[in-house]
Amino acid sequence: MSNASKFGKVAVLFGGKSAEREVSLDSGNAVLEALLRSGVQAEAFDPKHRSVTELVNYDRAFIVLHGRGGEDGQIQGTLEWLDVPYTGTGVQGSAIGMDKIKTKQIWQGTDLPTAPYRIISKDSNIDEIVDSLGLPVIIKPVHEGSSIGMSKVEKKEDFAQAIAKATEHDAIVMAEKWITGCEYTIVVLNGEALPVIRLEPPKDVAFYDYDAKYQRNDVQYGIPSGLSESDEKQLQQLTLRAFQAVGASGWGRVDAMQDEQGNFWLLEINTVPGMTSHSLVPKAAKAVGVGFDELCVAILEQTLQGTAH
């Protein structure tokens, strides 16, 4: 890429200390190689092994840190303090997007459909939770990504184990109504919703879990999604509204379900999605003719805009 010099020296931030470190290492290496192939002066930067104060020596940063420390506003705040432009969502939008409860509260407050939920702990009245949400439910840590610590619960007696599993990863845990239907993910790139992807995990998988996301090769990805044109447009519009509502920007991903009655339900938002060989952002970009290297450069381009962080 002839004009790659305009980016200056770029820190590709990946690794970190979160539960998603391994995925971040895969994503970050892929992004780093793509930028180097495109002529960008990019360098690996793992905050687990280097002081973030060293980031002042870079012209901009490409954030591929998944989970806490990278996706929750912490590294974004550091980069703003150091006056280093960075990719993706700002401090506040990142903090909200990483918190599944706050995201849902904002969506509910802006009349966006999101699956019903309750905050839950080992002391919760399980009968009340079941009366409110029905069975099955999905138990989730509120501040984790990549389906870490999640469990599908179909019987009351299984709640305690699922809550204990989620609590290993987070002090705050939620129970969310199980939506039976098709799962979709929608990628946002530079203000545009890309083609919807239908996710079809194999029958022996209860939901699109960590293993299905990163390790199995038998998950089916539908592009085109199989939705009608009007449903696809509706889901893309819901996604852009959901993205804007939490203050997300640049690039990211929203996960959603369509229930058996045809209603859409927003699940959560990812403001630093995976960029591995299994990841969904590159798949969606490829569907509109954008290759991986071009995608990475397009995301980095956000740091040159007047509105960039």
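Residues numbered from 1 in each chain as written. Predicted model: local features only at pLDDT ≥ 70, side-chain atom pairs only at ≥ 80, totals over all residues. Heavy atoms only, no water.

## Thoughts on the UniProt feature "binding site: Mg(2+) 1" (unreviewed entry) in the chain
Filter applied, for reference: UniProt positions are given in the numbering used here, feature names are shortened, and annotations may be inferred rather than shown by experiment. Helix and strand assignments follow DSSP, with helices taken as H or I runs no shorter than four residues and strands as E runs no shorter than two, numbered in order from the N terminus. Note on classification: 1.4 Å probe, protein chains only; a residue is buried when its accessible area is under 20% of the maximum for its type, exposed when over 50%, partly exposed between these limits. We call two residues contacting when some pair of their heavy atoms lies within 4.5 Å. Pairing of N or O atoms within 3.5 Å defines a polar contact, subject to two protein rules: one partner must be a possible hydrogen donor and the other a possible acceptor, and residues neighboring in sequence count only if both atoms are side-chain atoms.
Under the UniProt annotation, the feature "binding site: Mg(2+) 1" (unreviewed entry) is placed at D255 and E268. Along the polypeptide, D255 turns up in strand β12 (residues 251-259). For D255, a relative accessible area of 6% gives the class buried. Setting aside chain neighbours within four positions, we find D255 in contact with Y184, T185, W265, L266, L267, E268 and N270. A polar contact of 2.7 Å, which involves the side chain of D255, links it to the side chain of T185. Structurally, the position occupied by E268 is in strand β13 (residues 264-270). Not counting residues within four places of it along the chain, the set of residues in contact with E268 comprises K100, W107, K140, R253, V254 and D255. Engagement of the side chain of E268 in a polar contact is seen with the side chain of K140, the distance being 3.2 Å.

## Re the sheet that holds strand β7 (residues 173-177)
Rule in force here: In this scheme, strands are said to pair when DSSP sees at least two bridges between them. In this analysis an axis means a line fitted to C-alpha atoms, helices contributing only their contacting stretch, and an angle means the value between N-to-C directions, from 0 to 180 degrees.
Strand order across the open sheet formed by 4 strands is β4-β7-β5-β6, with antiparallel pairing between neighbours. Since the sheet does not close on itself, it has two edges, and those belong to β4 (117-120) and β6 (151-153), each with one partner. Here the strands of the sheet are splayed against their neighbours by 30° on average, with no regard to which way each runs. Strand direction decides the pairing type here: strand β5 (residues 137-141) and β7, joined by 5 bridges, are antiparallel. Note that in β7 the partner of I139 across the bridge is A175.

## Remarks on the domain arrangement of the chain
What counts is decided by this rule: Segmentation into domains, and thus their bounds, comes from an automatic or database assignment.
According to the domain assignment, the chain consists of domain 1 (4-87), domain 2 (97-113 + 180-288) and domain 3 (117-177). Inter-centroid distance (C-alpha atoms) of domain 1 to domain 3 is 33 Å.

## Some words on the nonpolar core
Here is the rule: Definition used in this section: a nonpolar core is a set of buried Ala, Val, Leu, Ile, Met, Phe, Trp, Tyr and Cys residues joined via side-chain atoms within 4.5 Å.
V12, L13, L35, F62 and L79 are the most contacted members of the largest nonpolar core, which totals 44 residues. Filtering out sequence-adjacent residues up to four positions away, V12 remains in contact with G28, V31, L32, L35, A42, E43, A44, F45, F62 and V64. In terms of nonpolar packing, the next biggest core, distinct from the first, is built from 20 residues, L112, Y184, A193 and L235 among them.

## A few points about the packing of helix α1 (residues 21-37) against helix α10 (residues 292-301)
Short version of the rule: Working definition: roughly parallel below 35 degrees, roughly antiparallel above 145 degrees, roughly perpendicular at 65 to 115 degrees, and oblique for all remaining angles. The classification used treats Ala, Val, Leu, Ile, Met, Phe, Trp, Tyr, Cys and Pro as nonpolar, Asp, Glu, Lys and Arg as charged, and all other residues, Gly among them, as polar.
One can describe the packing of α1 onto α10 by two numbers: an axis separation of 9 Å at closest approach and a directional angle of 90°. Between α1 and α10, the interaxial angle falls into the category roughly perpendicular. When α1 is examined against α10, the residues A30, V31, A34, L35 and R37 are found in contact with a partner set consisting of F292, D293, C296, V297 and L300. The residue inventory of the contact of α1 with α10, partitioned by class, reads 8 nonpolar, no polar and 2 charged.

## Quick word on the packing of aromatic side chains
Spelled out, the test is: Side-chain rings of Phe, Tyr and Trp, where Trp is taken by its six-membered ring, are said to pair if the distance between their centres is within 6.5 Å; with planes under 30 degrees apart they count as stacked, over 60 as edge-to-face, and otherwise as tilted. The criterion is that NZ of a Lys, or CZ of an Arg, lies within 6 Å of the ring centre and within 35 degrees of the ring normal, and then a charge sits over that ring.
A full pass over the atoms with the stated rule returns 2 aromatic pairs. Measuring from ring centre to ring centre gives 5.9 Å for F45 and Y58, while their planes differ by 85°; the resulting arrangement is edge-to-face. Taken as a pair, F45 in strand β2 (residues 41-45) and Y58 in the loop between β2 and β3 (60-63) lie far apart in primary sequence, 13 residues in all. Residue F45 shares its accessibility class with Y58, and that shared class is buried. A centroid spacing of 6.3 Å and a plane angle of 65° characterise the contact between F62 and W251, whose relative ring orientation is edge-to-face. Of this pair, F62 sits in strand β3 while W251 is found in strand β12, placing the two residues 189 residues apart along the sequence. Like F62, the residue W251 is buried in the burial classification. The ring of W178 has K152 lying over it, and the distance from NZ or CZ to the ring centre is 4.2 Å. Here the guanidinium or amino end of K283 rests over the ring plane of Y221, the centre of that ring lying 4.5 Å away.

## Points about the side chain of R60
Going by this rule: Just so you know, the count uses Lys and Arg for positive and Asp and Glu for negative, and it drops His and the chain ends. Every case where a carboxyl oxygen of Asp or Glu lies within 4 Å of a side-chain nitrogen of Lys or Arg is listed as a salt bridge.
Mapped onto the secondary structure, R60 falls in strand β3. Here R60 is buried and forms no salt bridge, its nearest opposite-charge partner D59 lying at an N-O distance of 5.8 Å. Reaching out from R60, the side chain makes a polar contact with the backbone oxygen of F7 at a distance of 2.6 Å. Separated by 3.1 Å, the side chains of R60 and T303 make a polar contact. Not counting residues up to four positions away in its chain, the partners in contact with R60 are K6, F7, K9, V10, A11, V84, P85, L300, T303 and L304.

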